[in-house]
Amino acid sequence: QVQLVESGGGLVQAGGSLRLSCAASGGTFRSYDFGWFRQAPGKEREFVAAISRIGDNTYYVTSVKDRFTISRDNAKNTIYLQMNSLKPEDTAVYFCAAKTRLTALYSSRSLYDYWGQGTQVTVSS
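This section reports on the structure supplied with the text. (Residues numbered from 1 in each chain as written. Predicted model: local features only at pLDDT ≥ 70, side-chain atom pairs only at ≥ 80, totals over all residues. Heavy atoms only, no water.)

**Considerations on the pattern of salt bridges**
For step 1, the next point in the chain: By the definition in use, this model includes seven salt bridges.
For step 2, the next point in the chain: As a salt-bridge pair, Arg 53 and Asp 33 come within 3.0 Å of each other at their nearest N and O atoms. A residue pair is termed long-range when its members are at least 10 positions apart, and Arg 53 in the loop between β5 (46-51) and β6 (58-60) and Asp 33 in strand β4 (residues 33-39) qualify at 20 residues. Of the two residues examined, Arg 53 and Asp 33, each falls in the buried class.
For step 3, the next point in the chain: As a salt-bridge pair, Asp 90 and Arg 38 come within 2.9 Å of each other at their nearest N and O atoms. Taken as a pair, Asp 90 in the loop between β8 (78-83) and β9 (92-99) and Arg 38 in strand β4 lie far apart in primary sequence, 52 residues in all.
For step 4, the next point in the chain: Among the residues examined, Arg 38 registers a relative accessible area of 5% and is labelled buried. (Salt bridge = Lys/Arg side-chain N within 4 Å of Asp/Glu carboxyl O. Helix = DSSP H or I, 4+ residues; strand = E, 2+ residues; numbered from the N terminus. Buried < 20%, exposed > 50% of the residue type's maximum accessible area, 1.4 Å probe, protein only.)

Structure representation (structure tokens):
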């Protein structure tokens, strides 16, 4: 079983950048695909980005393509989400998640087995 702890959230002006980190412990890091999801007030939790277990494939929701980059450091057991050109609509709580099943689909919440507590990202206009 893996534990996930997110960090790096905060308040930033529109156009700014943040880098989120997700530290994993208690499991075999290379056995998991990882995803980032976000949930804005009053909205459903939505997929943002995902990365395969060896990092050779990445996936993004259309609204963040070319602005966000997901990466993983298997030596540090950490997942990152680099967020550039932030917009007010990116404001949300961001969650890291891990999945064990090998699937071609990465964007569905139901595929993920473990979740972090989330970190708040607020983008002011």
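**Considering the environment of Glu 6**
For step 1, the next point in the chain: Locating Glu 6 in the fold gives a position in strand β1 (residues 3-7).
For step 2, the next point in the chain: Taking the C-alpha atoms as reference points, Glu 6 and Lys 99, 93 residues apart in sequence, are found 16 Å from one another.
For step 3, the next point in the chain: Excluding its chain neighbours within four sequence positions, the residues that come into contact with Glu 6 are Ser 21, Cys 22, Trp 36, Tyr 94, Phe 95, Cys 96, Gly 116, Gln 117, Gly 118 and Thr 119.
For step 4, the next point in the chain: Side-chain polar atoms of Glu 6 contact the backbone nitrogen of Cys 96, separated by 2.8 Å. (Contact = heavy atoms within 4.5 Å. Polar contact = N/O pair within 3.5 Å; in protein donor to acceptor, adjacent residues only side chain to side chain.)

**So, the sheet that holds β8**
For step 1, the next point in the chain: Spatially, β1-β3-β8-β7 is the arrangement adopted by the four strands of the open sheet, whose pairing is antiparallel. Looking at the sheet topology across the chains shown, the edges are occupied by β1 and β7 (68-73). Between one strand axis and the next, the sheet turns through 15° on average, direction left out of account.
For step 2, the next point in the chain: As judged from the six bridges shared by strand β3 (residues 18-25) and β8, these two strands associate in the antiparallel manner. Bridged to Leu 20 within β8 is Leu 81. (Pairing = 2+ DSSP bridges. Axes fitted to C-alpha atoms, helices over the stretch in contact; angles between N-to-C directions.)

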